[in-house]
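Fold and geometry: a report
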Amino acid sequence: MKKIITGITTTGTITLGNYIGAIKPMLDLQNDNEMFMFIADLHALVTPSDAKDLRLRISNASAIYFACGFDPKRTTVFIQSEVPAHTQLAWILNCHTTIGELSRMTQFKDKSAKKSSNGTETVPTGLLTYPTLMAADILLYDIDLVPVGKDQKQHIELTRNIATRMNNKYGKDLFTLPKEYTNDVTAKIMDLQDPTKKMSKSSDNQKSFISLLDKPEVARKKINSSVTDSENLIKYDPVNKPGVSNLITIYSALKNEKIDDVVKHFDGKNYGVLKSEVADVVCELLENIQTKFNTLVGTKELRDLLDRGKQRATEISNKKLKLINEKIGL
Ligand code: ATP
Ligand code: MG
């Protein structure tokens, strides 16, 4: 039995990429492990938004988590900002991390380059330091495994480095060293309009991602208009045929079928058939999630479930923080 955690930032509505890269692997692990799943609202502050939007996204994300099938008996589901130990430990970790190692993070380099081509005047400090908050999210719960998409692997490595450094200084048993848990095939779902980029919920182009709250007919249109190539040959080749390969990956992940079997299934068929069958499996998923979502969102039942998660996460993390404070001399 392992301890496992993952979180999704509330920078937009949870996408099919988040579902396949983060939620589905968590659901698959739920029965045999001790699970923590949180709504990363503090991480979302790195991307400015107005209060009303943020509140709505937090509320939607909580209902989506349970609608996807997290069982409150097996998985502690909580809202990050409701558990203060996360920010408290993040400060301590910041003081044990260098600006050099944080500014080498690819996510920081990419996202800060987008915000500012000259200097750092418009780059929020949080964009540089959020990996230490992420390290706190993990280290507070003595986590063994973190299911993440490929984009986050480097941050798990950083978490291990900080933990090792502090274990060497304050005692080997201070932190458990976490490992990332990725599935190489499904770890990266690509943007529907530019399949060389990863699908992101914060993308400006609505057609580039499928949100779990998209109406099924809207999702179908997005898949039908997704960018492929002009060869009309269904083959799995992410380098030369990124659009087609992405559709194959989505189908394979949602049907739990091997890539080779999916390619065989579509052998000799055209892109129209591929898109229509991928849309069928995606729409089925969306309908299931949205039916449960609609019965839960904004209800007392949902708030009670979140309170249960908050209480359990607070207990565990406060205990850990107390130990850390003692070890480092606070
Ligand atoms: P943002 O654009 O705001 O960064 P995001 O869609 O990248 O949003 P995150 O909140 O950063 O979502 O990531 C949540 C989880 O989903 C992480 O584990 C991340 O690795 C995974 N994830 C994000 N995008 C994808 C994707 N396209 N394919 C597979 N997994 C993904
Ligand atoms: Mg991201």
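In this report, we go over the structure that sits alongside the text. (Residues numbered from 1 in each chain as written. Chains lettered and ligands numbered in written order. Predicted model: local features only at pLDDT ≥ 70, side-chain atom pairs only at ≥ 80, totals over all residues. Heavy atoms only, no water.)

**Side note on the pattern of salt bridges**
- Taken as a whole and assessed by the stated rule, the structure comprises 17 salt bridges.
- When the shortest N-O distance is used, the salt bridge between Arg-160 and Glu-180 registers 3.6 Å. Within this pair, whereas Arg-160 is found in helix α8 (residues 153-170), its partner Glu-180 is found in strand β5 (residues 179-181), the two being separated by 20 residues in sequence.
- According to the relative accessible area criterion, Arg-160 is partly exposed, its value standing at 23%.
- What makes Glu-180 partly exposed here is its relative accessible area of 26%.
- The shortest N-O distance in the salt bridge between Asp-173 and Lys-327 comes to 3.1 Å. Highlighted residues: Asp-173 in the loop between α8 and β5 and Lys-327 in helix α13 (residues 300-328), separated in sequence by 154 residues. (Salt bridge = Lys/Arg side-chain N within 4 Å of Asp/Glu carboxyl O. Helix = DSSP H or I, 4+ residues; strand = E, 2+ residues; numbered from the N terminus. Buried < 20%, exposed > 50% of the residue type's maximum accessible area, 1.4 Å probe, protein only.)

**Re helix α4 (residues 85-94)**
- Every buried residue of α4 is listed here: Ala-85, His-86, Leu-89, Ala-90, Ile-92 and Leu-93. What you see down the axis of α4 is that its buried residues fit within an arc of 160°, all on one side.
- Of the surrounding secondary structure, the elements contacted by the buried residues of α4 are β3 (75-79), α7 (125-139), α8 and α13. (Arc of directions from axis to C-beta. Contact = heavy atoms within 4.5 Å.)

**Observations regarding the side chain of Asn-167**
- Mapped onto the fold, Asn-167 is located in helix α8.
- Owing to a relative accessible area of 8%, Asn-167 belongs among the buried residues under this scheme.
- For Asn-167, the residues in contact, after removing those within four places along its chain, are Lys-172, Leu-174, Phe-175 and Leu-177.

**As for the site of ligand 1**
- Around ligand 1 sit 22 residues in total, of which Thr-9, Thr-11, Gly-149, Lys-198 and Ser-202 are the nearest.
- One nitrogen or oxygen atom from the side chain of Thr-9 is found 2.6 Å from an oxygen atom belonging to ligand 1.
- At a separation of 2.6 Å, an oxygen atom of ligand 1 approaches a polar side-chain atom of Thr-11.
- Summarising the interface, the protein chains cover 95% of the accessible area of ligand 1, which totals 600 Å² for the free molecule.
- The pocket occupied by ligand 1, as judged from atoms lying within 2 Å of grid points, is the largest pocket.
- Those elements that provide at least two residues to the shell around ligand 1 are β1 (3-9) and α1 (16-29).
- By residue number, the principal contributor to the shell around ligand 1 is α1, which donates four residues.
- Grouping the amino acids of the shell around ligand 1 by side-chain chemistry returns seven nonpolar, ten polar and five charged. (Near = heavy atom within 4 Å. Polar contact = N/O pair within 3.5 Å; in protein donor to acceptor, adjacent residues only side chain to side chain. Areas by Shrake-Rupley, 256 points an atom, 1.4 Å probe, with all protein chains shown as cover. 1 Å grid on protein atoms, 1.4 Å probe; cavity = no way out; pocket = protein on both sides within 12 Å on 5 of 7 lines; lining within 4 Å. Sits in = over half its atoms within 2 Å of the grid points. Nonpolar A, V, L, I, M, F, W, Y, C, P; charged D, E, K, R; others polar.)

Read these as geometric descriptors, not functional statements.
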